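Observations on chain architecture
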Amino acid sequence: MNRPDPAVAPPSLSEELRAALPELRALAVDLASDAGRLVVRERAAALAGSGAVDTKSTATDVVTVMDRRSEQHLRGRLARERPGERVLGEEEGVDVRHQAREGEALTWVLDPIDGTVNYLYGSSEYAVSVAAVLGDPTRADRWWPVVGAVAHPATSRVFHAHLGGGAALSGPDGSTDLTCSSAERLDLTLLSTGFGYDAAVRREQARALVEILPEVRDIRRAGSAALDMCRVAAGLVDAYAERGVHVWDVAAGWLVAAEAGAQVSTWDGGPSRPRGVLACPPAVYPALEALVSRAYAHACRVLETSDR
Ligand code: IPD
């Protein structure tokens with residue numbers, strides 16, 4: 001996964017960009033909500049058609065016609081409302097006409113449907129995620145989210161944040177500021193997680209869970225990394241940890257969780273292993289980070305030995 005590295009300071013923001021963040025946040029909220037309405041409205045008709053579902057990295061990694069339509073819709077609106085800005089989306093990748101630029105150039109990072117398997121099955125746990133990041137989200141450790149919105153279309157609600165501006169949940173009943181839980185004890189921490197699509201990755205994740213599950217309150221696997229991070233922000237779970245997620249899965253949720261007071265970072269899962277993302281209240285962070293690092297390092301050793 002490409003991720004922001006908290007050890008590398010984000011570029012300092014100009015007064016001009018800082019002043020523009022509330023407006024960019026409002027745009028991200030509008031974009032995510034708008035695409036959310038689209039995917040709800042057109043789901044039945046789109047999935048009924050032939051060729052409605054395709055596969056990507058594995059047979060279980062699905063992409064629906066609505067993932068593609070939602071991304072095209074978001075790209076179309078961004079082309080009109082933020083012309084010339086770079087866009088990176090889960091389905092179409094990065095727009096090659098716009099090279100990565102240093103300084104304060106923004107890239108919009110889109111997950112047109114996060115939780116596609118839930119969407120396919122008609123389960124409500126899916127989201128549209130829109131973030132604006134500084135740096136280069138195609139490179140590990142070189143991007144920093146400054147605006148994020150995660151729409152949960154099934155409830156007509158949207159989680160949102162901007163850097164230094166706090167996190168909130170807005171919906172038909174108004175807006176509420178978000179604060180993560182005050183969990184301090186590892187054994188009382190409710191931890192959400194997710195699984196990749198690749199069988200080898202899943203084997204490692206399952207093996208690590210054998211070490212993690214006895215040490216925490218319980219595990220939740222809902223099916224959308226973006227919503228998992230927002231649920232940390234809202235205190236609906238205490239923590240979220242997952243290996244192997246992509247920048248579009250977590251860019252917006254990362255900022256929402258961080259602005260709600262969570263410590264959000266990556267952890268080392270062992271030598272030359274892709275790191276994971278961890279979000280939780282600061283008081284429980286050291287113990288949880290140590291647990292997941294140990295669990296993944298152990299999982300890797302066990303699986304390497306059993307492969308020999
Ligand atoms: C997936 C979801 C899932 C997570 C996977 C992601 P997608 O995204 O966020 O919760 O466990 O790692 O790939 O494929 O539904 O966009």
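See the structure above.
Structure report, in brief.

Next up on the list: the overall build of the chain. Within the chain one finds eight helices and 15 strands. The C-alpha atoms of the chain give 19 Å as radius of gyration, which agrees with the globular expectation for 308 residues (19 Å, within 12%). Within the chain, the proportion of its 308 residues that are buried is 53%. Across the chain, contacts joining residues at least 24 apart in sequence account for 64% of those joining residues at least 6 apart. By element, 51% of the accessible surface of the chain is carried by carbon and sulfur atoms, the whole surface being about 13,300 Å².

Turning our eyes to something else, we now look at the sheet that holds strand β7 (residues 143–152). One open sheet holds the eight strands; their spatial order is β4-β3-β5-β6-β7-β8-β9-β10, and the pairing between them is mixed. One side of each edge strand has no neighbouring strand; the edge strands of this open sheet are β4 (93–94) and β10 (174–177). Across four bridges, the pairing between strand β9 (residues 167–171) and β10 is antiparallel. The partner of S170 across the bridge, within β10, is S175. Against the sheet, helix α3 (residues 65–81) contacts β3 (86–89), β4, β5 (107–114) and β6 (127–135), and its axis sits at roughly 150° relative to β5. Running at roughly 95° to β7, helix α6 (residues 225–233) makes contact with β5, β6, β7 and β8 (157–162) of the sheet.

As a further point, take the environment of Q263. As for its position among the elements, Q263 is in strand β14 (residues 263–267). When the C-alpha positions of Q263 and A20 are compared, they lie 25 Å apart, and in sequence the two are 243 residues distant. If near-sequence neighbours (up to four positions away) are discounted, Q263 is found in contact with L278, A279, C280, P282 and Y285.

This next bit is on empty space enclosed by the protein. Enumeration according to the criterion identifies one cavity of 30 Å³ or more in this entry. Of the pockets and cavities examined, the largest cavity occupies roughly 60 Å³. Along its surface, the largest cavity is lined by L191, T193, F195, Q205, L209, I212, A241, W267, V292 and Y296. For the lining of the largest cavity, the secondary structure elements donating two or more residues are α5 (199–212) and α8 (285–307).

One pass over the full model with this rule turns up two aromatic pairs. Ring plane angle 65° and centroid distance 6.0 Å describe the contact between W143 and W254, whose orientation is recorded as edge-to-face. Taken together, the residues W143 in strand β7 and W254 in helix α7 (residues 247–259) connect sequence positions 111 residues apart. Over the aromatic face of Y119 sits the side chain of R43, whose NZ or CZ is 5.6 Å from the ring centroid.

For the rest of this paragraph, the subject is the pattern of salt bridges. By the definition in use, this model includes 16 salt bridges. Where R77 meets D30, a salt bridge forms, and the shortest distance between an N and an O atom there is 2.7 Å. With R77 in helix α3 and D30 in helix α1 (residues 15–41), the pair connects residues that are 47 residues apart, well separated along the chain. Owing to a relative accessible area of 34%, D30 belongs among the partly exposed residues under this scheme. Here D173 and R157 are joined by a salt bridge, their closest N and O atoms 3.4 Å apart. Of the two residues, D173 sits in the loop between β9 and β10 while R157 sits in strand β8, which places them 16 residues apart along the sequence.

Further remarks concern the pairing of β9. With respect to burial, β9 is a largely interior element, four of its five residues being buried. Pairing of β8 with β9 involves four bridges; the strand directions are antiparallel. Within the sheet, the bridge partner assigned to H160 lies in β9 and is A168. Counting the residues that bridge the hairpin from β8 to β9 gives four residues, and of these G164 lies at a positive phi of roughly 80°.

Two residues of an α-helix separated by three or four positions point the same way, owing to the 3.6 residues in each turn. Between the first and last C-alpha of α3 there are 24 Å, a value that for 17 residues agrees with the 24 Å anticipated at 1.5 Å per step. When α3 is considered as a whole, its buried residues turn out to be M66, D67, S70, E71, L74, R75, R77 and L78.

Cut-offs and rules
Residues numbered from 1 in each chain as written. Predicted model: local features only at pLDDT ≥ 70, side-chain atom pairs only at ≥ 80, totals over all residues. Heavy atoms only, no water. Helix = DSSP H or I, 4+ residues; strand = E, 2+ residues; numbered from the N terminus. Rg over C-alpha atoms; globule rule 2.2 N^0.38 Å. Buried < 20%, exposed > 50% of the residue type's maximum accessible area, 1.4 Å probe, protein only. Contact = heavy atoms within 4.5 Å. Areas by Shrake-Rupley, 256 points an atom, 1.4 Å probe, with all protein chains shown as cover. Pairing = 2+ DSSP bridges. Axes fitted to C-alpha atoms, helices over the stretch in contact; angles between N-to-C directions. 1 Å grid on protein atoms, 1.4 Å probe; cavity = no way out; pocket = protein on both sides within 12 Å on 5 of 7 lines; lining within 4 Å. Points joined across faces, edges and corners; volume = space filled by probe spheres on them. Phe/Tyr/Trp six-rings, centres within 6.5 Å; stacked < 30°, edge-to-face > 60°. Lys NZ or Arg CZ within 6 Å of the ring centre and 35° of its normal. Salt bridge = Lys/Arg side-chain N within 4 Å of Asp/Glu carboxyl O. Expected span 1.5 Å × (residues − 1).

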